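# Notes for the structure review
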Amino acid sequence: MFSTKICGLLTQRIHLPQVVGALVAGILLGPSVLGLVKPDPAIAVLAELGVIILLFTAGMETDFKQLKRSIKSTIVISIFGVVLALGGGFAATIITGRSTFESFFVGVVIASMSTSITVEALSEMGKLKTKSGTAILGASVIDDVLGIVILAVMMGSFDGGFSLANAGITLVKIILFFIFAIMSGYAANKLLSLINKKSGASKRLSIFALAFCFSMAFLAELFGLADITGAYIAGIAFCNTRFTEYIEEKTHVLSYMLLSPIFFASIGIGMSLTGFDSKMLLFTGLLLVAAIITKVVGCGLGARICKYSSKESMQIGVGMIARGEVSIIIATKGIAAGLMSNDLFTGIIIVVIITVLVTPILLKIAYKDKVGADNPVLPKTPK
């Protein structure tokens, strides 16, 4: 935690988001450089709690009215990004001599983006509630759903031709979860509104909200989705309410003081270069290029089709570059099921790390105003 704060302050001095410093701290402390800290189950648990809280906060910060207005565009943006990323990952892998099936699965792995990294960067810049920021958040949720459905199809095909059945079951689970989530979110919103009306903004509000967040995260995994999807939906349930700011303030302390730094550092700590040779270097380089270009072009093109401006389209494309926890989860499940060789995992982790590092930097550039600063130069008030 001390290292993430020091590195965060240093990166802030050079006008980069503090999240970059936390990631660099993890790489420096981890096996790749100093070897002072190794991946550990305790760190993994705290990191998982950190990303859940981070996405819960992001959900509360979402402008739900704007999200509803842009639901069609976020679906289009997500589909374009997923299709191009899947194709790019497939091409980058099959060139290195891998099988068609394994190459397709690698494409599935890099199709999903990391919402948490982009959320943290946009929050620091104050751009999370912008039109493009809302589109990025909405498209990221759809990315996760599409990735898990495709994973179910591939696992079914690999196990003996039951892909359609498995995909159907997964799709039903997803639909049931979202129906349940909408009903639960509405009920939780009304309950907290009643408590707030009777007793005001008390400590119990934040406790109930956090309990609901963890419950939705658990249920999301139970239904076959990523836990962060449930946390994000739980946050949306409390957005645009009278008590949103109070809950957000209380949960932010827990996130900022303990969980978020550990989560971002854990990504760097998980990086290892063991067994990395020239062939893996070629695979990693091709996959990295595909991961960046396909999201920028795919999501940017989808945004332009949906009438976003050129600048907003570029912001959305850049915001979708980062890969993270969902990609790693899909890769891990694929290795366990025999869909992908274990040696490719190192290359995927490196791609995740690099995209996580460059995304906040590119976002900083994409959101710069024409005058070259983060904030516009306001005209002087006439005397």
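A few points on the structure. Just so it is clear, the structure is predicted and the values come from calculations on it, not from any experiment. (Residues numbered from 1 in each chain as written. Predicted model: local features only at pLDDT ≥ 70, side-chain atom pairs only at ≥ 80, totals over all residues. Heavy atoms only, no water.)

## With respect to the nonpolar core
Residues Phe 56, Ile 77, Phe 177, Phe 238, Phe 264, Leu 287 and Ile 316 are the most contacted members of the largest nonpolar core, which totals 95 residues. Element by element, the count of residues in this core is highest for helix α16 (residues 344-366), at 10 residues. Residues contacting Phe 56, with those up to four places away along its chain left out, are Ala 209, Cys 213, Ala 231, Ala 234, Gly 235, Phe 238, Ile 247 and Thr 251. (Core = buried A, V, L, I, M, F, W, Y, C linked by side-chain atoms within 4.5 Å. Buried < 20%, exposed > 50% of the residue type's maximum accessible area, 1.4 Å probe, protein only. Helix = DSSP H or I, 4+ residues; strand = E, 2+ residues; numbered from the N terminus. Contact = heavy atoms within 4.5 Å.)

## Some remarks on the environment of Thr 332
You can see Thr 332 is positioned in helix α15 (residues 325-336). Look at Thr 332 and you get partly exposed, because its relative accessible area is 43%. Linking Thr 332 and Val 109, residues 223 residues apart in sequence, is a C-alpha distance of 9.6 Å.

## A short note on the pattern of salt bridges
Under the defined criterion, the tally for this structure stands at one salt bridge. One salt bridge connects Arg 98 with Glu 102, and the closest N-O pair in it is separated by 3.9 Å. When its relative accessible area of 7% is taken as the criterion, Glu 102 is described as buried. (Salt bridge = Lys/Arg side-chain N within 4 Å of Asp/Glu carboxyl O.)

## Section: unusual backbone geometry
Backbone geometry places Lys 307, a non-glycine residue, at a positive phi of 75°. Positionally, Lys 307 belongs in the loop between α13 (278-305) and α14 (310-319).

## Remarks on the packing of α14 against α16
One can describe the packing of α14 onto α16 by two numbers: an axis separation of 9 Å at closest approach and a directional angle of 170°. By the angle between their directions, the pair α14 and α16 is classed as roughly antiparallel. Residue-level inspection shows Lys 311, Gln 315, Val 318 and Gly 319 of α14 in contact with α16, the latter providing Thr 359, Leu 362, Leu 363 and Ala 366. By residue class, the composition of the contact of α14 with α16 is four nonpolar, three polar and one charged. (Axes fitted to C-alpha atoms, helices over the stretch in contact; angles between N-to-C directions. Parallel < 35°, antiparallel > 145°, perpendicular 65-115°, else oblique. Nonpolar A, V, L, I, M, F, W, Y, C, P; charged D, E, K, R; others polar.)

## Overview of the environment of Ala 226
With respect to the helices, strands and loops of the structure, Ala 226 is situated in the loop between α10 (203-222) and α11 (227-237). On the accessibility criterion, Ala 226 (9% relative accessible area) is buried. For the pair Ala 226 and Ile 330, spaced 104 residues apart in sequence, the C-alpha separation works out to 9.8 Å.

## Brief notes about the side chain of Asn 189
With respect to the element layout, Asn 189 can be found in helix α9 (residues 163-199). A residue is classified by how much of its surface remains accessible, and Asn 189, at 17% relative accessible area, is buried. With residues up to four places along the chain from it excluded, the contact list for Asn 189 reads Ala 237, Phe 238, Thr 241 and Phe 243.

## Some words on the packing of aromatic side chains
Taken as a whole and judged by the stated rule, the model has five aromatic pairs. Between Phe 177 and Phe 223, the ring centres sit 5.6 Å apart and the planes meet at 50°, which makes this aromatic pair tilted. Linking Phe 177 in helix α9 with Phe 223 in the loop between α10 and α11, this pair joins segments that are 46 residues apart in sequence. When the centroid spacing of 5.6 Å and the interplanar angle of 65° are considered together, the rings of Phe 212 and Phe 238 count as edge-to-face. Residue Phe 212 is located in helix α10, and its partner Phe 238 is located in the loop between α11 and α12 (244-269); the two are separated by 26 residues in the primary sequence. Each member of the pair Phe 212 and Phe 238 is classed as buried. Taken together, the ring pairs in this structure connect Phe 56, Phe 212 and Phe 238 into an aromatic cluster. (Phe/Tyr/Trp six-rings, centres within 6.5 Å; stacked < 30°, edge-to-face > 60°.)

## Describing the packing of helix α2 (residues 18-29) against α12
It is at 6 Å that the axes of α2 and α12 come closest, and there the two elements cross at 45°. Accordingly, the angle class assigned to the pair α2 and α12 is oblique. Crossing handedness for the pair α2 and α12: right-handed. Contacts between α2 and α12 involve Val 19, Ala 22, Leu 23, Gly 26 and Ile 27 from the former and Phe 264, Ala 265, Ile 267, Gly 268 and Ile 269 from the latter. Among the residues forming the contact of α2 with α12, the class breakdown is eight nonpolar, two polar and no charged. (Left-handed = near helix turned anticlockwise from the far one by under 90°.)

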